[in-house]
Amino acid sequence: RILITGSLGQLGTGLAKVLRGKYGKQQIIMSDIMKAPRHILESGPYLYADILDFKNLQEIIVNERVDWLIHFSALLSAVGEVNIPLAMRVNIEGLHNVLELSKQYQLKLFVPSTIGAFGPDSPRNPTPDLTIQRPRTIYGVSKVHAELMGEYYNHRFGVDFRSLRFPGIISADTNPGGGTTDYAVQIFHDALTTGKHECYLKPDCRLPMMYIDDCLRALSEYMESPQELLRYRTYNVHAMSFSPEELVEEVRKHVPHLEVTYKPDGRQNIAEAWPQVFDDSGARRDWNWEHRYNLSHLCEIMFNYLKPKYGVK
Ligand code: VAH
């Protein structure tokens, strides 16, 4: 059975839906440290799981017969910078716990990595799978640590550790949590409510982005790929890159009156040290990754989903 930690975040609900469709509702256990809303409880198994409580996790893994662990629990880039001690505990100590349990119980372990695992010394356009990684956020440092620890547990203990470096993920039905790329989700809600968006990045700040369905399919396909195909334990996956001004132009095709002001803050400093374009040729070569959504398709889907929610024609 598959346990998803931190499942009430941006990716967990959608991943549970995808995996339950493939493997059956009872096979996927969502978990987090917060009470789940009714529709989540009604969608399938949900448990309290604190990744900082080793015994709690161990009991769940044994009692619930877990053999895959999808570890989403983490503080993202911007929120991590304002709570470094907590980010170190959750992103690093939490990772150590799930790695150790994956070794003890031979779990297949997925830990997401990110464009944030690179820094100003990394090539930015494109950024290859294997290159310098000197990130400047505790989030990025903790994700490079996760990549290195996972690779070590794989070659030292044979743990089937897998990781994908995701771009900024855009989703309609879940809210992101404290990332640097989240303006690209907020703008859709602002366009349909106030008609005004204040962007905390510069207009030309280009970042890799991906629609959530591509992200979840990449994760699912990668987890099912035979290990003998994998040259790396961690791969970049790419779909598109855009800047705020390019996104605004596309959004205005749906909401022409949208007003945008730019007020760069600390998140601009984070973003300008990140990749602008990912080289994901490794994933396309080794396990046939290919993206399906581009910017115009993304905007169409987002507005088709959100307009009825906001009662907009
Ligand atoms: C963040 N959305 O902004 C997350 C992600 C690619 C960035 O890791 O921190």
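Residues numbered from 1 in each chain as written. Predicted model: local features only at pLDDT ≥ 70, side-chain atom pairs only at ≥ 80, totals over all residues. Heavy atoms only, no water.

J.: Whenever I open this one, the packing of aromatic side chains confuses me. Can you help?
T.: Centre-to-centre distance and the angle between the planes together describe a pair of aromatic rings. For the coordinates displayed, the defined rule picks out 14 aromatic pairs. The cationic tip of Arg162 hangs over the ring face of Tyr222; the distance from NZ or CZ to the ring centre is 5.8 Å. Positioned over the ring face of Tyr200 is Arg267, at 3.5 Å from the centre of the ring. (Phe/Tyr/Trp six-rings, centres within 6.5 Å; stacked < 30°, edge-to-face > 60°. Lys NZ or Arg CZ within 6 Å of the ring centre and 35° of its normal.)

J.: I keep staring at the UniProt feature "domain: NAD-dependent epimerase/dehydratase" (unreviewed entry) in the chain and nothing clicks. Help me out?
T.: UniProt records the feature "domain: NAD-dependent epimerase/dehydratase" (unreviewed entry) at residues 2-237, using the numbering of this structure. Taken end to end, residues 2-237 is 40% helix and 18% strand, and its two terminal C-alpha atoms sit 23 Å from one another. (UniProt positions renumbered as here; feature names shortened; annotations may be inferred. Helix = DSSP H or I, 4+ residues; strand = E, 2+ residues; numbered from the N terminus.)

J.: What should I look at first to understand the nonpolar core in this one?
T.: Most often, soluble globular proteins keep nonpolar side chains buried together rather than apart. Membership of the largest hydrophobic core comes to 70 residues, with the highest contact counts inside it found for Phe188, Leu247 and Trp287. With residues up to four places along the chain from it excluded, the contact list for Trp287 reads Leu164, Ala218, Glu221, Tyr222, Ser225, Leu230, Tyr235 and Val237. (Core = buried A, V, L, I, M, F, W, Y, C linked by side-chain atoms within 4.5 Å. Buried < 20%, exposed > 50% of the residue type's maximum accessible area, 1.4 Å probe, protein only. Contact = heavy atoms within 4.5 Å.)

J.: For this particular structure, what's the right way to read helix α12 (residues 295-309)?
T.: In this model, α12 (15 residues) spans 21 Å end to end at C-alpha, consistent with the 21 Å of a helix rising 1.5 Å per residue. Among the residues of α12, Leu295, Leu298, Cys299, Met302, Phe303, Leu306 and Lys307 are the ones counted as buried. Looking at the buried residues of α12, the elements they touch are β8 (168-170), α7 (183-192), β10 (207-211), β12 (240-242) and α9 (244-251). (Expected span 1.5 Å × (residues − 1).)

J.: Looking at this structure, I do not really get the site of the ligand. What am I missing?
T.: Surveying the vicinity of the ligand reveals the residues Leu76, Ser77, Thr114, Ile115, Tyr139, Phe166, Pro167, Gly168, Gly179, Thr180, Thr181 and Trp274. Here an oxygen atom of the ligand and a side-chain polar atom of Ser77 are 2.7 Å apart. Contact between the ligand and Thr114: an oxygen atom at 2.9 Å from a side-chain N or O atom of the residue. Relative to its free-state accessible area of 270 Å², the ligand is covered by the protein chains to the extent of 95%. (Near = heavy atom within 4 Å. Polar contact = N/O pair within 3.5 Å; in protein donor to acceptor, adjacent residues only side chain to side chain. Areas by Shrake-Rupley, 256 points an atom, 1.4 Å probe, with all protein chains shown as cover.)

J.: What's the story with the packing of helix α1 (residues 12-23) against helix α8 (residues 212-224) in this structure? I'm lost.
T.: Axis angle and axis distance: for two packed helices, these are the angle between their axes and the distance between the axes, and together they describe the pair. For the pair α1 and α8, interaxial distance at closest approach is 10 Å and the crossing angle is 45°. Here α1 is positioned oblique relative to α8, judged by the angle of their axes. Here α1 runs over α8; the crossing is right-handed. Where α1 abuts α8, its residues Gly14, Leu15, Val18, Leu19, Lys22 and Tyr23 lie against Leu216, Leu219, Ser220 and Glu224. The class makeup of the residues in the contact of α1 with α8 is six nonpolar, two polar and two charged. (Axes fitted to C-alpha atoms, helices over the stretch in contact; angles between N-to-C directions. Parallel < 35°, antiparallel > 145°, perpendicular 65-115°, else oblique. Left-handed = near helix turned anticlockwise from the far one by under 90°. Nonpolar A, V, L, I, M, F, W, Y, C, P; charged D, E, K, R; others polar.)

J.: Can you help me understand the pairing of strand β7 (residues 161-166) in this one?
T.: Walk down a regular strand and you will see the side chains alternate between the two sheet faces. Taking burial as the measure, the six residues of β7 include six buried ones, the bulk of the element. Burial along β7 is two-sided: the face carrying Phe161, Ser163 and Arg165 and the face carrying Arg162, Leu164 and Phe166 are both buried. Here strand β5 (residues 108-110) runs beside β7; their pairing, made up of two bridges, is parallel. Directly across from Leu109, in β7, lies its bridge partner Phe161. Note that strand β6 (residues 113-114) and β7 share two bridges and pair parallel. What sits directly across from Thr114, in β7, is Phe166. Summarising the sheet, β7 and strand β11 (residues 234-236) pair through three bridges and their orientation is parallel. (Pairing = 2+ DSSP bridges.)

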